[in-house]
Amino acid sequence: MTGGTGGAADRAVICGIGYRVPDRIVTNAELCARLDTSEDWIVARTGISRRRWVEPGEATSDLAVRAGRAALKSAGGGQIDAVVLATTTPDQRCPATAPEVASRLGLGGVAALDVSAVCTGFLYGLATAAGFIAAGLAERVLMIAAEAFSTLLDPDDRTTLPIFGDGAGAVVLRRGRADEPGAVGPLVLGSDGDRSELITVKAGGARQPFPGPIPDDGSQYFKMRGREVFRQSVERMSAAGTEALSLAGWQLGDVDRVVTHQANARVSAALAERLGLRRDVMAQNIADVGNTAAASIPVLLAQATADGSVEAGHRLLLVAFGGGLTWGATTLTWPHLELHDA
Ligand code: UT7
């Protein structure tokens, strides 16, 4: 699916950003003490040196509220008409987590819903929020992507445990014009349910409910067929990215930074090579936070804004890929934004 996000005067424009990562830092050395792996393997095969994990009792909503509050401050306050929360790890199966987040932010009463698209969650959430604005349902939307992904991981699985981290990133979107900095460009979104088996948490849903006996096959945990996912990831992100550029009327040479879902430093390098882009065009924070799934792009956008590697006026290509399978891409010119502590 491809499309604009409304007429020229109905664009969703980013006007605030914030992020929050948990305080707890988990180093590669800590993981090596309990898994059959090595610091060299993790750094060489993923580019990850450390990640942040929630403490027991800390949940997705806690991260989402902190990131959301920082984004609201960054936007200078003002009315919010809807809250969209992209997450793979809602606080519970029912109800959605967004209404609680809205209430805790003092926004109770507004439309609030969760979006589930695993690592593509931010771009699907952006499309949902932009759709609210284009349809005249909202003037300003708070869109948060938050994950307590460590709560899905098998503590004995060396193929997933080192990769994922927890975090939340949020943006405020307002109605504006297509030619303004911050205007979300044409969006490319896709899925391939024939390959859903590549990334799963099988137990705990309607097909394999529990409580009941705790599964002894590990099906309550996140599973990923890494090598095949790697291949799909590079292929789908390069195709979606190329299509988003074409819809925006941009050439590759127009792109100042690619802000890609941080799955693996080698995925980013392979994507740069496939697109014919220099490596230094690829914004990166995976070494310090790991793969934070849906939260990956907005956390990276906020951190890169803070350290100056993404600046106002930079032309950005955003690209993501995740379970489902799902993928997405869009373009925008980065606006000037204030940053506030979460
Ligand atoms: O976020 C959604 C999108 N996600 C992605 O795009 C992730 C893409 N995939 C990946 O990032 C990589 O495939 C992984 C990091 C998950 C795995 O790296 P890889 O280079 O593809 O390794 P592999 O799965 O091909 O495994 C190579 C070897 C295997 O051993 P054998 O069968 O060759 O003896 C694994 O058992 O590495 C072994 N291995 C490990 N060894 C030490 C797997 N994990 C580890 C580990 N430490 N932590």
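A quick note: this is a predicted structure, and the numbers were derived from the prediction, not measured.

Caption draft 1: How the structure looks around the overall build of the protein. Counting secondary structure elements, the protein contains 9 helices and 14 strands. The C-alpha atoms of the protein give a radius of gyration of 19 Å, which matches the 20 Å a tight globule of 342 residues would have. C-alpha atoms of the protein, sized along the principal axes, occupy 55 × 45 × 40 Å. When the 342 residues of the protein are sorted by exposure, 54% land in the buried category. Carbon and sulfur atoms form 49% of the exposed surface of the protein, whose accessible area is close to 13,800 Å².

Caption draft 2: Fine view of the pattern of salt bridges. The final tally for this structure, using the stated rule, is 18 salt bridges. Put simply, R236 and D192 hold a salt bridge, and the shortest N to O gap is 3.2 Å. Of the two residues, R236 is situated in helix α6 (residues 226-248) and D192 in the loop between β9 (187-191) and β10 (199-200); the sequence distance between them amounts to 44 residues. By relative accessible area, R236 is classed as partly exposed at 22%. Beyond isolated ion pairs, a larger network of salt bridges with shared partners links D10, E139 and R175.

Caption draft 3: Highlighting the UniProt feature "domain: Beta-ketoacyl-[acyl-carrier-protein] synthase III C-terminal" (unreviewed entry) in the protein. UniProt records the feature "domain: Beta-ketoacyl-[acyl-carrier-protein] synthase III C-terminal" (unreviewed entry) for residues 246-334 in the present numbering. Annotated as residues 246-334, this span is 34% helix and 22% strand, and its ends, taken at the C-alpha atoms, are 19 Å apart.

Caption draft 4: Highlighting the nonpolar core. One finds F149, L153, F222, V255, V258 and L317 to be the most contacted residues of the largest nonpolar core, which totals 43 residues. In terms of residue count, α6 provides more of this core than any other element does, 6 residues in total. Among all residues touching F222, those that are not within four sequence positions of it are F149, L152, L153, D157, T160, F164, I199, T200 and V201. Counting residues in hydrophobic clusters, the runner-up holds 39 residues, among them I14, L123, A138 and A283.

Caption draft 5: Structural context of the UniProt feature "domain: Beta-ketoacyl-[acyl-carrier-protein] synthase III N-terminal" (unreviewed entry) in the protein. In the numbering adopted here, UniProt assigns the feature "domain: Beta-ketoacyl-[acyl-carrier-protein] synthase III N-terminal" (unreviewed entry) to residues 113-193. Between the C-alpha atoms that bound residues 113-193 the distance is 23 Å, and the span itself is 17% helix and 32% strand.

Caption draft 6: Layout of unusual backbone geometry. The omega torsion of the bond from C94 to P95 falls at 0 degrees, within 30 degrees of zero and hence cis. Tracing the chain through its elements places P95 in the loop between β5 (82-86) and α4 (98-104). A cis amide bond links G324 with the next residue in sequence, L325, at an omega value of -15 degrees. Along the chain, L325 falls in the loop between β13 (315-322) and β14 (326-333). Even without being a glycine, V118 presents a positive backbone phi close to 50 degrees.

Caption draft 7: Broad picture of the packing of aromatic side chains. As enumerated under the stated definition, the model contains 3 aromatic pairs in all. A centroid spacing of 4.5 Å and a plane angle of 20 degrees characterise the contact between F149 and F164, whose relative ring orientation is stacked. Pair noted here: F149 is in the loop between β7 (140-147) and β8 (167-176) and F164 is in the loop between β7 and β8, with a separation of 15 residues, a long-range link. Among the aromatic side chains, those forming a connected cluster through ring pairs are F149, F164 and F222.

Caption draft 8: Geometry of the site of the ligand. Of all residues adjacent to the ligand, which total 20 residues, the nearest are T37, R45, R227, N264 and N291. At 2.8 Å from an oxygen atom of the ligand is found a side-chain nitrogen or oxygen belonging to R45. The contact in question runs from a nitrogen atom of the ligand to an N or O atom on the backbone of G226, over 3.1 Å. Protein chains bury 76% of the 950 Å² of accessible surface belonging to the ligand in isolation. Among the secondary structure elements, those contributing two or more residues to the shell around the ligand are α2 (39-46) and α6. The biggest single contributor to the shell around the ligand is α6, with 5 residues. Across the shell around the ligand, the residue classes tally to 8 nonpolar, 8 polar and 4 charged. Residue assignment places the shell around the ligand across two domains, with domain 1 (2-176) and domain 2 (187-333) each supplying three or more.

Caption draft 9: Expanded view of the environment of A129. Residue placement: A129 occurs in helix α5 (residues 121-134). For A129, a relative accessible area of 0% gives the class buried. Distance in space between the C-alpha atoms of A129 and R140 is 8.7 Å, their sequence separation being 11 residues.

Caption draft 10: Looking closely at helix α7 (residues 265-275). Along α7, the residues classified as buried are V267, S268, A269, L271, A272 and L275. Regarding α7, its N-cap is N264, as a side-chain oxygen of that residue lies 2.7 Å from the backbone nitrogen of R266 further along. Immediately downstream of α7, the backbone of G276 shows phi near 75 degrees, a positive value.

Caption draft 11: Broad picture of the domain arrangement of the protein. Examined at the domain level, the protein breaks down into domain 1 (2-176) and domain 2 (187-333). Placing a centre on the C-alpha atoms of domain 1 and another on those of domain 2 gives a separation of 13 Å. Counting residues at the interface gives 48 residues for domain 1, matched by 48 residues for domain 2. Summing both sides of the interface, domain 1 and domain 2 together bury roughly 3,700 Å²; the carbon and sulfur share of this comes to 66%.

So, how was this worked out
- Residues numbered from 1 in each chain as written.
- Predicted model: local features only at pLDDT ≥ 70, side-chain atom pairs only at ≥ 80, totals over all residues.
- Heavy atoms only, no water.
- Helix = DSSP H or I, 4+ residues; strand = E, 2+ residues; numbered from the N terminus.
- Rg over C-alpha atoms; globule rule 2.2 N^0.38 Å.
- Buried < 20%, exposed > 50% of the residue type's maximum accessible area, 1.4 Å probe, protein only.
- Areas by Shrake-Rupley, 256 points an atom, 1.4 Å probe, with all protein chains shown as cover.
- Salt bridge = Lys/Arg side-chain N within 4 Å of Asp/Glu carboxyl O.
- UniProt positions renumbered as here; feature names shortened; annotations may be inferred.
- Core = buried A, V, L, I, M, F, W, Y, C linked by side-chain atoms within 4.5 Å.
- Contact = heavy atoms within 4.5 Å.
- Phe/Tyr/Trp six-rings, centres within 6.5 Å; stacked < 30°, edge-to-face > 60°.
- Near = heavy atom within 4 Å.
- Polar contact = N/O pair within 3.5 Å; in protein donor to acceptor, adjacent residues only side chain to side chain.
- Nonpolar A, V, L, I, M, F, W, Y, C, P; charged D, E, K, R; others polar.
- Domains from an automatic or database assignment.
- Buried area = accessible area lost by both parts, 1.4 Å probe.

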